[in-house]
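Take a look at the letters that make up each chain.
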Amino acid sequence: MQDESGKAAPGSPGAGSANTTQNSVRLNGHTVTQNGHNPIATPVPQSQFESRSPSPVPTPTPAVQREQWGGKYEFLLSCIGYCVGLGNVWRFPYLCYRNGGGVFLIPYFIMLFVTGVPLFLMELSLGQYGAAGPITVWKCCPLLKGIGIGMLCVSTLVCLYYNVIIAWTFYYLGSSFQSPLPWSCEAVGNAGLCGNNTGNSSTGKTLSPTEIFWNERVLGVVHSEGLHDPGPVRWPLALCLLAAWIIIFLCMIKGIRSSGKVVYVTATFPYFVLIVLVIRGATLEGSLQGVAFYLTPDWNRLANAQVWNDAASQIFYSLGIGVGGLLSMASYNKFDNNVIRDTLIITTGNCSTSFFSGFAIFSILGHMAWKKGVPVGKVADTGPGLAFVAYPEALALLPGSVFWSILFFLMLFMLGIDTLFGNMEGITTAVLDEFPHLRANTLHKSLFLGALCFCFYLFGLLLVTDGGIYWFTLIDSFSTSFGLIIITLFMCIGISFFYGVNQFCQDIIDMIRHCPPWCSKVLLYFKACWVFFTPFLLLFILTYIFIEMYNTSLHYGSYVYPRWGKALGVCMGATCCLQILIWAIVAICKETGTLKDRFQKAIRPLNSWRVNNLNSTGRVQEHVEPERVEAPFTVTLTDMDFTAMTWEAGSQA
């Protein structure tokens with residue numbers, strides 16, 4: 001497209017190419033380069049100008065080709081494996097029976113559709129549309145770049161302690177190859193323990209062989225006095241932790257090309273084990289007693305605020321929202337992937353797994369309670385206590401206990417490794433997007449991943465000392481506490497009010513392309529959630545967390561954490577959410593003008609926010625503007641420029 005003088009029209013592709021690709025300015029037939037000198041001061045014909053190669057000085061660095069999933073099933077399985085973690089097996093069943101049995105499902109599914117699904121869709125859509133990690137994706141609103149930094153901090157804390165669980169699982173998996181199991185009553189060393197001759201001197205409670213094995217053989221917590229006394233490293237656990245990080249490194253060394261293939265096994269195997277455990281549990285005496293304990297409704301519990309908080313927290317944490325893993329995995333999707341369909345499949349599959357796993361857990365716990373002649377509530381537990389004490393004890397009572405123990409701990413390993421894939425992907429994607437040269441060089445990328453895993457291993461050694469469980473509980477309690485809720489709240493508010501909820505919905509429609517009528521109606525519901533319902537419920541969860549944190553003390557067993565320990569945990573959570581404020585101030589300081597002008601510029605999306613996706617879908621000419629120049633832009637004029645100006649002025653006169 002040319003105007004009457006033969007120059008490219010300002011809005012044409014030719015003009016955009018001349019201005020943005022070559023970074024040059026045409027002035028009365030002369031070409032002036034950015035931050036450089038004009039090598040030839042003679043007029044240049046239009047055809048010669050278009051055929052000219054770009055100046056070597058301002059040549060922009062070509063974008064590194066971004067990886068994509070090998071197929072849609074790799075993405076779905078990776079997300080399902082990331083969401084379906086240890087919390088589905090060891091936390092949901094316990095919360096269900098503690099909060100009114102089957103009645104707990106009512107607030108659970110309400111929180112799922114009002115908080116969980118909208119936030120899940122927001123994070124997947126943001127990552128897929130921006131095709132970037134948790135930090136770079138905030139080109140859509142530079143003021144909120146701190147949200148991505150905060151996500152990175154949370155992911156770092158989670159990766160630090162989560163792989164310790166996998167190390168424990170390795171230890172139990174290796175011990176499961178002994179017959180009889182070392183924590184069973186049939187073991188030679190446990191003959192006296194099963195006669196109720198051993199008790200805890202501090203509490204007077206009788207200790208079972210599984211508790212002795214867990215506290216003394218695995219943790220060594222009996223040799224530590226508390227948080228201030230970590231003691232020496234337990235080298236069997238340190239070797240298990242090293243093996244876990246080596247496996248993580250090998251599975252992720254080629255990025256999603258390798259981890260995307262691993263999830264075909266790690267994401268599906270736990271379902272096979274759960275089905276086998278449910279079938280086996282249904283054949284045991286007393287299993288119906290355990291299932292009844294799991295599902296018996298207590299309608300009065302619906303009036304308790306703690307029930308609703310537990311439901312919201314379980315939905316929030318089990319879906320892995322706000323940590324950056326979902327956003328990073330979605331960034332490797334094709335631009336036209338149906339993100340709404342994937343959201344519904346993954347969230348439904350995750351919550352169904354939680355509910356189904358309750359039958360596998362409580363059917364076998366019911367058999368153990370029947371065999372011991374005690375109520376199910378006496379043997380039920382949550383967290384590590386369920387996975388490494390109560391359930392192994394129940395498995396030890398089954399015929400063929402070695403087989404069932406190997407199967408169970410292999411399942412825990414698969415569940416943990418998938419979740420860690422997502423968290424590590426959030427960290428690596430964020431760093432590689434900020435430093436693209438690492439992505440371009442395979443060796444440098446592998447060295448970075450190896451250094452990252454090794455650093456996590458070194459810091460994780462603190463958690464495998466005699467007092468490591470105290471530090472583990474501290475990080476676990478505060479890393480995904482109020483800091484994560486605040487990060488997610490600001491993400492929801494930022495997208496809804498700064499970026500614009502209408503624009504965000506339009507972005508989703510642009511990705512889906514052929515959006516069916518039901519899709520537009522569903523987006524109206526999500527829009528209402530993002531603007532009103534979801535922020536309100538996040539504020540409710542946040543308020544409850546602060547009240548509970550103030551009124552209750554942190555403890556592990558009979559050990560109560562000192563004030564300095566709790567203050568350290570609060571600092572962990574505060575460090576994550578304070579990134580939002582720090583980087584918002586940095587973004588405003590980088591702009592010019594009044595404070596209001598700076599704020600408005602800081603919430604304005606960079607033009608490169610749309611360029612990558614338009615290029616990937618062949619829509620280069622739609623709504624593409626030159627990138628905002630953040631560096632000084634200088635134009636060097638010569639005598640010929642002024643001569644040309646004088647001549648032009650004279651001719652017009």
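Residues numbered from 1 in each chain as written. Predicted model: local features only at pLDDT ≥ 70, side-chain atom pairs only at ≥ 80, totals over all residues. Heavy atoms only, no water.

J.: Would you mind going over helix α13 (residues 305-318) with me for this structure?
T.: The periodicity of an α-helix, 3.6 residues per turn, causes residues three or four places apart in sequence to face the same way. Taking 1.5 Å per residue as the helical rise, α13 with its 14 residues ought to reach 20 Å, and the 20 Å between its terminal C-alpha atoms agrees with that figure. α13 sits mainly inside the fold: 10 of its 14 residues count as buried. All buried positions along α13 are accounted for by Val307, Asn309, Asp310, Ala311, Ala312, Ser313, Gln314, Ile315, Phe316 and Ser318. One side-chain oxygen at the N-terminal end of α13 lies 2.9 Å from the backbone nitrogen of Gln306; it belongs to Asn304. Trailing α13 by a residue or two, Gly320 shows a phi angle of about 70°, which is positive. (Helix = DSSP H or I, 4+ residues; strand = E, 2+ residues; numbered from the N terminus. Expected span 1.5 Å × (residues − 1). Buried < 20%, exposed > 50% of the residue type's maximum accessible area, 1.4 Å probe, protein only. Polar contact = N/O pair within 3.5 Å; in protein donor to acceptor, adjacent residues only side chain to side chain.)

J.: Hey, could you run me through empty space enclosed by the protein in this one?
T.: Empty space among the atoms becomes visible once a probe the size of a water molecule is rolled across them. Evaluated as defined, the whole model comprises 4 cavities of 30 Å³ or more. Taken as a whole, the largest cavity holds about 130 Å³ of empty space. Contributing to the lining of the largest cavity are 14 residues, with Met252, Gly255, Thr428, Leu432 and Lys445 lying nearest its centre. Elements with a contribution of two residues or more to the lining of the largest cavity: α18 (401-434) and α20 (442-460). By residue number, the principal contributor to the lining of the largest cavity is α20, which donates 4 residues. Lining the second largest cavity, in full, are Trp69, Ser78, Tyr82, Ser259, Gly260, Val263, Met329, Asp418, Phe421, Gly422 and Glu425. At the level of secondary structure, the elements contributing two or more residues to the lining of the second largest cavity comprise α3 (72-83), α10 (256-266) and α18. (1 Å grid on protein atoms, 1.4 Å probe; cavity = no way out; pocket = protein on both sides within 12 Å on 5 of 7 lines; lining within 4 Å. Points joined across faces, edges and corners; volume = space filled by probe spheres on them.)

J.: In this structure, what is going on with the side chain of Ser331? I would like to understand it.
T.: Locating Ser331 in the fold gives a position in the loop between α14 (325-330) and α15 (339-372). At a separation of 2.5 Å, a polar atom in the side chain of Ser331 contacts the main-chain carbonyl oxygen of Ser328. Residues within four places of Ser331 in sequence aside, it is in contact with Arg66, Gly127, Gln128, Ala131, Ala132 and Thr429. (Contact = heavy atoms within 4.5 Å.)

J.: What should I look at first to understand a nonpolar patch on the surface in this one?
T.: On the surface, Phe497, Phe498, Val531, Phe532, Phe533 and Phe599 cluster together to form a nonpolar patch covering roughly 540 Å² of accessible area. Considering every element that reaches the nonpolar patch, the biggest residue donor is helix α23 (residues 517-551), with 3 residues. With a relative accessible area of 49%, Phe497 lands in the partly exposed category. (Patch = residues over 30% accessible without salt bridge, like charges linked within 9 Å, V, L, I, M, F, W, Y side chains within 5 Å. Areas by Shrake-Rupley, 256 points an atom, 1.4 Å probe, with all protein chains shown as cover. Salt bridge = Lys/Arg side-chain N within 4 Å of Asp/Glu carboxyl O.)

J.: Explanation requested: the pattern of salt bridges in the structure shown.
T.: Any two side chains of opposite charge can pair, given that their charged atoms come close. Under the counting rule described, the total for this entry stands at 7 salt bridges. Between Glu74 and Lys261 there is a salt bridge, with its nearest N and O atoms 2.8 Å apart. Of the two residues, Glu74 sits in helix α3 while Lys261 sits in helix α10, which places them 187 residues apart along the sequence. Take Glu74: its relative accessible area is 4%, and that puts it in the buried class. Put simply, Lys372 and Glu393 hold a salt bridge, and the shortest N to O gap is 2.6 Å. Highlighted residues: Lys372 in helix α15 and Glu393 in helix α17 (residues 384-396), separated in sequence by 21 residues.

J.: Is there a simple way to think about the environment of Leu121 in this case?
T.: If you trace the backbone, Leu121 turns up in helix α6 (residues 105-130). As a C-alpha pair, Leu121 and Leu326 span 205 residues in sequence and 9.7 Å in three-dimensional space.

J.: Would you explain the packing of helix α9 (residues 235-252) against α20 in this entry?
T.: Axis angle and axis distance: for two packed helices, these are the angle between their axes and the distance between the axes, and together they describe the pair. At a minimum axis separation of 10 Å, α9 and α20 run at an interaxial angle of 160°. When the axis of α9 is compared with that of α20, the two are roughly antiparallel. For the element pair α9 and α20, the recorded crossing hand is right-handed. Taking contact as the criterion, the partners of Ala238, Leu241, Leu242, Trp245, Ile248, Phe249 and Met252 in α9 are, on α20, Ser446, Leu449, Gly450, Cys453, Phe456, Tyr457 and Gly460. Partitioned by chemical class, the residues of the contact of α9 with α20 number 11 nonpolar, 3 polar and no charged. (Axes fitted to C-alpha atoms, helices over the stretch in contact; angles between N-to-C directions. Parallel < 35°, antiparallel > 145°, perpendicular 65-115°, else oblique. Left-handed = near helix turned anticlockwise from the far one by under 90°. Nonpolar A, V, L, I, M, F, W, Y, C, P; charged D, E, K, R; others polar.)

J.: Sorry, what's going on with the packing of aromatic side chains here?
T.: Think of a pair of aromatic rings as described by two things: how far the centres are apart, and how the planes are tilted against each other in angle. Applying the stated criterion across every chain, the model contains 50 aromatic pairs. Consider the rings of Phe104 and Tyr108, whose centres lie 6.0 Å apart with planes at 35°: the pair is tilted. By relative accessible area, which is 0% here, Phe104 ends up buried. Measuring from ring centre to ring centre gives 5.7 Å for Phe498 and Phe599, while their planes differ by 85°; the resulting arrangement is edge-to-face. Pair noted here: Phe498 is in helix α22 (residues 482-512) and Phe599 is in helix α25 (residues 595-602), with a separation of 101 residues, a long-range link. Assessed through its relative accessible area of 30%, Phe498 is described here as partly exposed. (Phe/Tyr/Trp six-rings, centres within 6.5 Å; stacked < 30°, edge-to-face > 60°.)

J.: Any chance you could explain helix α21 (residues 468-479) here in plain terms?
T.: In this model, α21 (12 residues) spans 16 Å end to end at C-alpha, consistent with the 16 Å of a helix rising 1.5 Å per residue. With 10 of 12 residues buried, α21 is to be regarded as a mostly interior element. The set of residues buried in α21 consists of Gly468, Ile469, Tyr470, Trp471, Phe472, Thr473, Leu474, Ile475, Phe478 and Ser479.

J.: Is there a simple way to explain the packing of α6 against α15 in this structure?
T.: Their axes nearest at 9 Å, the elements α6 and α15 cross at an angle of 140°. The orientation of α6 relative to α15 falls into the category oblique. Crossing handedness for the pair α6 and α15: right-handed. Contact residues: α6 offers Leu105, Tyr108, Phe109, Leu112, Val117, Phe120, Leu121, Leu124, Ser125 and Gln128, while α15 offers Val339, Ile340, Thr343, Leu344, Ile346, Thr347, Cys351, Ser354 and Phe355. Partitioning the contact of α6 with α15 into residue classes produces 14 nonpolar, 5 polar and no charged.

J.: What's the story with the side chain of Asp433 in this structure? I'm lost.
T.: Within the element layout of this structure, Asp433 appears in helix α18. A polar atom in the side chain of Asp433 sits 2.4 Å from the backbone nitrogen of Gly133. Engagement of the side chain of Asp433 in a polar contact is seen with the side chain of Arg439, the distance being 2.6 Å. Once residues within four sequence positions are removed from consideration, Asp433 is found in contact with Arg66, Ala132, Gly133, Thr136 and Arg439.

J.: Looking at this model, I keep getting lost on the confidence of the model for the chain. Mind explaining?
T.: Residues shown with low pLDDT carry predicted positions that ought not to be read at fine detail. For the chain, per-residue confidence averages 81 on the pLDDT scale, and 81% of positions sit at 70 or higher. This model gives residues 1-61 a pLDDT under 50, and the stretch forms 79 contacts once residues within four places in sequence are excluded. Under a pLDDT of 50 for its full length, residues 644-653 has, in the predicted model, 5 contacts with residues more than four places off or in other chains. (pLDDT = per-residue confidence, 0-100.)

J.: Explain the state of the cysteines to me, please; I cannot follow it from the model alone.
T.: When the sulfur atoms of two cysteines share a covalent bond, that bond is a disulfide. One pass over the full model with this rule turns up 0 disulfides. With no disulfide partner, Cys577 has as its closest neighbouring cysteine sulfur the one in Cys576, 7.2 Å distant. (Disulfide = S-S within 2.5 Å.)

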